Amino acid sequence: MFTFLEYILIAFYVAGLLIVSRWIGQQAFSWMPVQATAEAQRVDDLFSFLVSIGAFILLGLVGVIVYAIIFHRARQKDYSEGHSVRGDARIELLWTAVPTLLVLWIAFKGFSIYQQLNILGLQQIVHLHTPVESPAYATVANKPQPATETIDVFVKQWEWSFRYPNNLTSKELHLPVNRSTRLNLHAQDVIHGFYVSAFRLKQDIIPNRNIDIVLTPIRSGKYRLKDSQFSGTYFALMEADVYVEPLDTYNQWLTQTTANEPTQTKDWVVAESIQAHKTFFNSGWQTFIPASPAIAKERKVSNDT
Ligand SMILES: [Cu+2]
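In the annotation of an unreviewed UniProt entry, the entry for the chain reads Cytochrome c oxidase subunit 2, and the organism field reads Halotia branconii CENA392. Per UniProt, the comment on the chain under Catalytic activity (unreviewed entry) is "4 Fe(II)-[cytochrome c] + O2 + 8 H(+)(in) = 4 Fe(III)-[cytochrome c] + 2 H2O + 4 H(+)(out)". Quoted straight from UniProt, the Sequence similarities (unreviewed entry) entry for the chain says "Belongs to the cytochrome c oxidase subunit 2 family."

Below is the structure:
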């Protein structure tokens, strides 16, 4: 079917594609926020791998299409049928086997990275619904992952609070760098979502369920925790500061804050509702009129119960 020279050219084309798609995959790392946790590196590796595969398929198909358009265009008034591939067992086998192997490879790689992410809560939830569950298997799956510190995360409409091992409660999340910390997530009213983009972990927090995530920050700095679920009117204001700092700075913060009054941060819900409109023109679109501060406070209290 092909001459020797054509096989060589195809081999070169595939080799070139592999190099280019690998390069595009490497670029994917720069499309993301900084990698602040060890988990972020694994997630980005997987993303880069998927981008490489996508680039390889896209460029491979576009190359074949361009080649066919340039060299194998039908002449004018040529209405004869092209080469028929129907019934060719070798080709059918090839285009069944290749995507199957590819999907299995992606699934295997995705699953192994997901397992490394240490999201314990999910395993617990899955196990609750498994009818045939031997106690031995359950204890293995629910075995606590090693973490040096456990911080309780409480979330409600519309604020985050964090309780540290020494019982200090704060509205800021402080994490020691290069240590794995377990976050025990508790929602007090509706489903909220824990999401720090630099950590790459996004975990729903479901009322009446203990969900743990273990993360290992590897880069000091200040990050932002956001609510990834629409959990009510002011969910967009449900943000908190996340500080990743060296262990002694972290310990120092813990002791100093304990000595002082509990940390008070700005009440964003009230701040937003009393803020004047800053738009330059009136679009005429209906907007939500926030409740007055007093009512907002009252609502917050009633949601605490
Ligand atoms: Cu929320």
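Past the structure itself, the notes keep going.
Trainee: Looking at this model, I keep getting lost on the coordination of the copper ion. Mind explaining?
Mentor: Octahedral six-donor coordination of a metal ideally yields angles of 90 or 180 degrees, compared with 109.5 degrees for tetrahedral four-donor coordination. For the copper ion, the protein coordination sphere consists of His 192 (ND1), Asp 227 (OD), Ser 231 (OG) and Met 238 (SD), at 1.5 to 2.5 Å. Here the copper ion binds four donor atoms, and the angle range of 99 to 137 degrees at the metal identifies the geometry as irregular. When the donors of the copper ion are listed by position in the chain, the intervening gaps give H-x34-D-x3-S-x6-M.

Trainee: I would appreciate a short explanation of helix H1 (residues 4-27) in the present structure.
Mentor: Turn by turn, an α-helix covers 3.6 residues, leaving residues three or four places apart pointing in a common direction. Helix length check: H1 (24 residues) gives 35 Å between terminal C-alpha atoms against 34 Å at 1.5 Å per residue, within 8%. Every buried residue belonging to H1 is among Leu 17, Ser 21 and Gly 25, and all of these are buried. At its buried positions, H1 is contacted by helix H2 (38-71).

Trainee: Just to check I follow, could you spell out the packing of H1 against H2 for this structure?
Mentor: The description of two helices packed together rests on the angle between their axes and the distance between the axes. Direction vectors running N to C along H1 and H2 enclose 140 degrees, while the axes themselves pass 8 Å from each other. In terms of their interaxial angle, H1 and H2 are classed as oblique. Note on packing geometry: the crossing formed by H1 with H2 is right-handed. From H1, Tyr 13, Val 14, Leu 17, Leu 18, Val 20, Ser 21, Arg 22, Ile 24, Gly 25 and Gln 26 reach across to H2, where they touch Ser 48, Val 51, Ser 52, Ala 55, Phe 56, Leu 59, Gly 60, Gly 63 and Val 64. In terms of residue class, the contact of H1 with H2 is made up of eleven nonpolar, seven polar and one charged.

Trainee: Explain helix H3 (residues 89-116) here, please?
Mentor: In this model, H3 (28 residues) spans 41 Å end to end at C-alpha, consistent with the 40 Å of a helix rising 1.5 Å per residue. You can read the cap of H3 off the contacts: a side-chain oxygen lies 3.2 Å from the backbone nitrogen of Arg 90, and it is on Asp 88.

Trainee: Help me out: how do you make sense of the sheet that holds strand S3 (residues 169-170) in this one?
Mentor: Within a sheet, neighbouring strands are paired by backbone hydrogen bonds and run either parallel or antiparallel to one another. Here five strands make up an open sheet; going across it, the order is S3-S2-S1-S5-S8 and the pairing mixed. Edge positions in the sheet fall to S3 and strand S8 (211-215), since each of these pairs with one other strand and no more. Summarising the sheet, strand S1 (residues 149-156) and strand S5 (residues 181-187) pair through seven bridges and their orientation is parallel. From the neighbouring strand, Asp 152 faces S5, where its bridge partner is Asn 184.

Trainee: For this particular structure, what's the right way to read the packing of H2 against H3?
Mentor: Where H2 meets H3, the axes come as close as 9 Å, and the angle between the chain directions of the two elements is 165 degrees. Taken together, the axis directions place H2 and H3 in an arrangement best described as roughly antiparallel. The handedness of the crossing between H2 and H3 is left-handed. Contacts from Arg 42, Val 43, Leu 46, Phe 49, Leu 50, Ile 53 and Ile 57 in H2 reach Leu 102, Trp 105, Ile 106, Lys 109, Gly 110, Ile 113 and Gln 116 in H3. A class-by-class count of the residues in the contact of H2 with H3 yields ten nonpolar, two polar and two charged.

Trainee: Where do I start with the pattern of salt bridges in this structure?
Mentor: Where charged atoms from two side chains of opposite charge come close, those side chains can pair. Inspection of every chain in the model, using the stated rule, returns ten salt bridges. Salt-bridge contacts for Arg 182 lead to Asp 212; the nearest nitrogen and oxygen are separated by 3.4 Å. Of the two residues, Arg 182 sits in strand S5 while Asp 212 sits in strand S8, which places them 30 residues apart along the sequence. Taken as a pair, Arg 182 and Asp 212 share a single burial class, namely buried. Among the salt bridges present, the one from Asp 241 reaches Arg 224, with a minimum N-O distance of 2.5 Å. Of this pair, Asp 241 sits in strand S10 (residues 240-245) while Arg 224 sits in strand S9 (residues 221-227); the two residues are 17 residues apart in sequence, bridging distant segments of the chain. The exposure class assigned to Arg 224 is partly exposed, which follows from its relative accessible area of 30%.

Trainee: How should I be thinking about the UniProt feature "transmembrane region" (unreviewed entry) in the chain in this particular structure?
Mentor: In the numbering used here, UniProt assigns the feature "transmembrane region" (unreviewed entry) to residues 7-26, 46-70 and 91-108. A distance of 29 Å separates the end C-alpha atoms of residues 7-26, which is 100% helix and 0% strand. Structurally, residues 46-70 comprises 100% helix and 0% strand, and the distance from its first C-alpha atom to its last is 36 Å.

Trainee: Quick question: what am I supposed to make of the packing of aromatic side chains here?
Mentor: When we look at a pair of aromatic rings, we describe it by the centre distance and by the angle of the planes. Applying the stated criterion across every chain, the model contains nine aromatic pairs. Geometrically, the ring pair formed by Tyr 67 and Phe 71 is tilted, given 5.2 Å between the ring centres and 45 degrees between the ring planes. In this pair, Tyr 67 and Phe 71 both sit in helix H2, four residues apart, roughly one turn of the helix. Taking the relative accessible area as the measure of exposure, Tyr 67 reaches 43% and is therefore partly exposed. Judged by its relative accessible area of 57%, Phe 71 is exposed. Of the aromatic side chains, those joined through ring pairs into one cluster are Tyr 164, Tyr 250 and Trp 253. In this structure, Lys 109 is placed above the aromatic ring of Phe 49, and the distance from its NZ or CZ to the ring centre is 4.3 Å.

How each quantity is defined
- Residues numbered from 1 in each chain as written.
- Predicted model: local features only at pLDDT ≥ 70, side-chain atom pairs only at ≥ 80, totals over all residues.
- Heavy atoms only, no water.
- UniProt positions renumbered as here; feature names shortened; annotations may be inferred.
- Donors = N, O, S within 2.8 Å, 3.2 Å for Na, K, Ca; no water.
- Tetrahedral: all angles 85-135°; square planar, octahedral: opposite > 155°, others 65-115°.
- Helix = DSSP H or I, 4+ residues; strand = E, 2+ residues; numbered from the N terminus.
- Expected span 1.5 Å × (residues − 1).
- Buried < 20%, exposed > 50% of the residue type's maximum accessible area, 1.4 Å probe, protein only.
- Contact = heavy atoms within 4.5 Å.
- Axes fitted to C-alpha atoms, helices over the stretch in contact; angles between N-to-C directions.
- Parallel < 35°, antiparallel > 145°, perpendicular 65-115°, else oblique.
- Left-handed = near helix turned anticlockwise from the far one by under 90°.
- Nonpolar A, V, L, I, M, F, W, Y, C, P; charged D, E, K, R; others polar.
- Polar contact = N/O pair within 3.5 Å; in protein donor to acceptor, adjacent residues only side chain to side chain.
- Pairing = 2+ DSSP bridges.
- Salt bridge = Lys/Arg side-chain N within 4 Å of Asp/Glu carboxyl O.
- Phe/Tyr/Trp six-rings, centres within 6.5 Å; stacked < 30°, edge-to-face > 60°.
- Lys NZ or Arg CZ within 6 Å of the ring centre and 35° of its normal.

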